[in-house]
Amino acid sequence: MTPLSLYLCSLLKKNKLLICYNYLHTHGTPLHLVDRAARKTRLARLLDMNFRAVFRGRVTGKVLAQQSGAKNYREATMCTSSASGQDMTNWLWSIYHETKKQTEALIPVISKNSVNPNTIFANNEMSLHDIEIYGFDYDYTLAFYSRHLHTLIFNIARDILIQEHRYPEGLREYEYIPNFVVRGLHYDVQKALLMKIDAFHYIQLGTVYRGLHPVPDKEVIAMYDGCHVPLENMSDFYGKSSHGHTMKQFMDIFSLPEMNLLCCVNDYFMKHNIDYEPVHLYKDVKVKRPEQWFRIMFNGESPFKLDRGMNYIVGKDWRDLFDIVIVQADKPGFFNDRRKPFRRVTDKGVLHWDRIHKLEKGKIYKQGNLYEFLRLTGWRGSKVLYFGDHIYSDLADLTLKHGWRTGAIIPELRKEIKIMNTEQYVHLMTWLQGLTGLIEHMQVHRDPASQSVVQEWIKEREAMRSQTKDIFNSQFGSLFRTYHNPTYFSRRLSRFADIYMASLSCLLNYDFQHTFFPRRTPLQHESPFWPEQTSAGALKMPFIPHRTTTEE
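If you're wondering where the values come from, they're calculated on a predicted model, not measured in any experiment.

**Quick word on the packing of aromatic side chains**
To describe a pair of aromatic rings, you give the distance between the ring centres and the angle between the ring planes. Counted under the stated rule, the structure contains 31 aromatic pairs. Here Tyr96 and Trp457 contribute two aromatic rings whose centre-to-centre distance is 5.7 Å and whose plane-to-plane angle is 20°, an arrangement assigned as stacked. Residue Tyr96 is found in helix α4 (residues 85-112), and its partner Trp457 is found in helix α16 (residues 448-472); the two are separated by 361 residues along the sequence. The same class applies to Tyr96 and to Trp457, which are both buried. Connected via pairs of aromatic rings, a cluster forms that spans Tyr167, Tyr174, Tyr268, Phe269 and Tyr276. Lying over the aromatic face of Tyr224, Lys191 brings its terminal NZ or CZ to 4.9 Å of the ring centre. Sitting over the ring of Tyr371, Arg338 keeps its end group 3.7 Å from the ring centre.

Pasting the structure below:
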């Protein structure tokens, strides 16, 4: 498939552009002339004088071109022309339409290269041949739940707020809103704002919500003195809000009803003009976490939940499939706290008091810690592959401190890939990339007529970016992208997970000798094999902004 930028380059060569080779031939370096402040360096003044001596009149659309593979730059005829604003407008729109035509021609080819939702994706090279031990989290790794579970959790937590914390009875009017929020969002505890933040700590405007309603961009910028959230305000290593951190990140799937409830309560208080302390609300909702919810639903402790769940999923002989079973491990404390010893627990929840010298197959153990686990099993390093859905609690410590290989289970991945494979998304993204490249190249024309055209393109690009966000989720967009940047969630996923997939069943598509290779995407400064991933300034045909001069 021919890259988009190659089409763009060919377009520019075919049109009537002014080619300037003499400076390159003489000096061996490209010439970049831009309007600067009054105080210019000697070099800038020299270049400016050289430019004025060669070109007289109004010169437009200049390009420095270099013949590929040649040792020296080829001599070319130097031309001058006088172009009106209307001429520039017509020329730019002709480039626009031709680029769009070429871009649309790519869509059928791109559509054929759809992504298989059952693929396992690699952030780090890893071979299953080297893995001797496989470990699994339970919730949303081994066990997936009905979509009705979130509604049940929401209702239980809402009723607890009313009955135990004396919140207003009017909250019963609120129901769980499916697809309102996505995982990975940040919550400003003190301002009671839910938002999406990218990998560089920038807030994605249009995704900041107070209650159930978006906050205007101007108000967001005023509150945060821009869009950047300082590191000291972000959540701690595990996404929690503590030690002065004002931002809490919701990383697990059980947090979806929690975010829903926070938004609903905030909405009720604002709608009825009730003065309240956002920090208290956050803490009251925070304590109603999965373990409490499951105790209510299963009327017992985690051993009952695990046994009932695995009996349903696998059958009564499920323990035969596992060498060691641990419940109530209290992650991430399990990975760091050396004080908690293992304790054997019976099927009925009866705890034994004897010291554990060996972890035996077929028995269930409670709590413990990873250091004791490593001592008792001898399982260390990259021979172990552990799967979990929570990027922080399940995977971070294992990969950073203990060298285990990690696999992230991201159920949302399957839905997002299916959306990405649709004709609508392919069409939007292909033209969005083509238009972005066009803006990047043509922004150098600084005359009013050209800038007016470029501004129209920028408005079109902004509208398309909003469209691509809404395709995934009308409030917060994709789990993995904030427009063109990766999300904060994506950044953590790429750091803490060697591989990631939609579900464990994806492993059935691979044998146990398979090696997963990450895609090599070029860094910004590298010479890529895919030119469309190159910034305009790195191309071998840099653009020169035209200058308006007077006859001397």
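From this point, the discussion proceeds with the structure in view.
**A closer look at the sheet that holds strand β18 (residues 499-501)**
Spatial strand order, β3-β18-β15-β14-β5: five strands in an open sheet with mixed pairing. Whereas interior strands pair on both sides, the edge strands pair on one side only; in this sheet they are β3 (121-122) and β5 (133-136). One ladder, built from four bridges, connects strand β14 (residues 384-388) with strand β15 (residues 405-409); its direction is parallel. By the bridge assignment for β15, Leu385 is matched with Arg405.

**Some thoughts on the nonpolar core**
Counting 61 residues, the largest nonpolar core has Phe373, Ile391, Ile410 and Leu493 as the members making the most contacts within it. Apart from residues lying up to four places away in sequence, Phe373 is in contact with Ile324, Ile326, Phe334, Phe342, Leu359, Gly378, Trp379 and Trp404. Formed by 37 residues, the second largest nonpolar core is a distinct cluster that contains Phe250, Leu262, Val279 and Tyr282.

**Remarks on the packing of helix α15 (residues 423-442) against α16**
When two helices pack together, their arrangement is given by the angle between the helix axes and by the axis-to-axis distance. As a packed pair, α15 and α16 sit with axes 10 Å apart at the nearest point and diverge in direction by 150°. It follows that α15 is roughly antiparallel to α16 by the angle criterion. Two packed elements cross with a definite hand, and for α15 against α16 that hand is left-handed. Residue-level inspection shows Gln424, Tyr425, Leu428, Met429, Trp431, Leu432, Leu435, Thr436, Leu438, Ile439 and Met442 of α15 in contact with α16, the latter providing Val454, Trp457, Ile458, Glu460, Arg461, Met464, Arg465, Gln467, Thr468, Ile471 and Phe472. Of the residues that constitute the contact of α15 with α16, the class distribution is 15 nonpolar, four polar and three charged.

**With respect to the sheet that holds strand β13 (residues 364-367)**
As summarised here, the arrangement of the three strands in space is β11-β13-β12, forming an open sheet in which the pairing is mixed. The outermost strands of the open sheet, each flanked by one partner alone, are β11 (325-327) and β12 (342-345). Averaged over all neighbouring strand pairs, the angle between strand axes comes to 40°, with direction disregarded. Here β12 runs beside β13; their pairing, made up of four bridges, is antiparallel. Among the inter-strand pairings, Arg344 is bridged to a residue of β13, identified as Tyr365.

**Considering the pairing of β13**
Across three bridges, the pairing between β11 and β13 is parallel. By the bridge assignment for β13, Val325 is matched with Ile364.

**Describing the pattern of salt bridges**
Per the stated rule, a full pass over the model turns up 20 salt bridges. The partner of Arg520 in a salt bridge is Glu526, and the shortest N-O contact between them spans 3.4 Å. Of the residues examined, Arg520 reaches a relative accessible area of 61% and is grouped as exposed. On the basis of relative accessibility, which here comes to 25%, the residue Glu526 falls in the partly exposed class. A network of salt bridges, in which partner residues are shared, links Arg158, Asp159, Glu169 and Arg172.

**Brief notes about helix α8 (residues 278-286)**
Every α-helical turn comprises 3.6 residues, leaving residues that sit three or four positions apart pointing alike. Of the residues making up α8, those classed as buried are Pro278, Val279, Leu281, Tyr282, Asp284 and Val285. Residues of α8 that are buried make contact with α5 (148-164), β6 (186-188), β10 (247-249) and α7 (255-271).

**Points about unusual backbone geometry**
In this structure, Pro332 follows Lys331 across a cis peptide bond, with omega equal to 5°. Inspection of the secondary structure puts Pro332 in the loop between β11 and α11 (333-336). At Ala192, a position not held by glycine, the phi torsion is positive, near 60°. Relative to the helices and strands, Ala192 is located in the loop between β6 and β7 (193-195). One non-glycine residue, Asp225, lies in the positive phi region at around 50°. Following the sequence through the fold, Asp225 ends up in the loop between α6 (217-224) and β10.

**A few points about the side chain of Ser393**
Residue position: Ser393 is located in helix α13 (residues 391-401). Not counting residues within four places of it along the chain, the set of residues in contact with Ser393 comprises Lys331, Pro332 and Phe335.

**Considering the pairing of β15**
With five of five residues buried, β15 lies mostly within the body of the structure. Where burial is concerned, the two faces of β15 agree: the one with Arg405, Gly407 and Ile409 and the one with Thr406 and Ala408 are both buried. Note: β15 against β18, three bridges, orientation parallel. For Ala408, the partnering residue across the bridge sits in β18 and is Tyr500.

**Side note on the confidence of the model for the protein**
Residues at a pLDDT of 70 or more form 75% of the protein, whose mean pLDDT is 79. Here residues 1-82 is modelled with pLDDT under 50, and outside its nearest four sequence neighbours on either side it reaches 141 contacts, counting other chains as well. The low-confidence segment residues 531-552 (pLDDT under 50) makes 67 contacts with residues lying over four places distant or belonging to another chain.

**Some remarks on α16**
Helix length check: α16 (25 residues) gives 37 Å between terminal C-alpha atoms against 36 Å at 1.5 Å per residue, within 8%. Where the residues of α16 are buried, they touch α4, α14 (412-420) and α15.

**Some remarks on the environment of Arg319**
Take Arg319: it is sitting in the loop between α10 (302-313) and β11. For Arg319, a relative accessible area of 17% corresponds to the buried category. For the pair formed by Arg319 and Gly362, sequence separation is 43 residues and the distance between their alpha carbons is 5.5 Å. Not counting chain neighbours up to four residues away, the residues in contact with Arg319 comprise Asp307, Asp347, Lys361, Gly362 and Ile364. From its side chain, Arg319 meets the backbone oxygen of Gly362 in a polar contact 3.0 Å long.

Rules used in this analysis
Residues numbered from 1 in each chain as written. Predicted model: local features only at pLDDT ≥ 70, side-chain atom pairs only at ≥ 80, totals over all residues. Heavy atoms only, no water. Phe/Tyr/Trp six-rings, centres within 6.5 Å; stacked < 30°, edge-to-face > 60°. Helix = DSSP H or I, 4+ residues; strand = E, 2+ residues; numbered from the N terminus. Buried < 20%, exposed > 50% of the residue type's maximum accessible area, 1.4 Å probe, protein only. Lys NZ or Arg CZ within 6 Å of the ring centre and 35° of its normal. Pairing = 2+ DSSP bridges. Core = buried A, V, L, I, M, F, W, Y, C linked by side-chain atoms within 4.5 Å. Contact = heavy atoms within 4.5 Å. Axes fitted to C-alpha atoms, helices over the stretch in contact; angles between N-to-C directions. Parallel < 35°, antiparallel > 145°, perpendicular 65-115°, else oblique. Left-handed = near helix turned anticlockwise from the far one by under 90°. Nonpolar A, V, L, I, M, F, W, Y, C, P; charged D, E, K, R; others polar. Salt bridge = Lys/Arg side-chain N within 4 Å of Asp/Glu carboxyl O. pLDDT = per-residue confidence, 0-100. Expected span 1.5 Å × (residues − 1). Polar contact = N/O pair within 3.5 Å; in protein donor to acceptor, adjacent residues only side chain to side chain.

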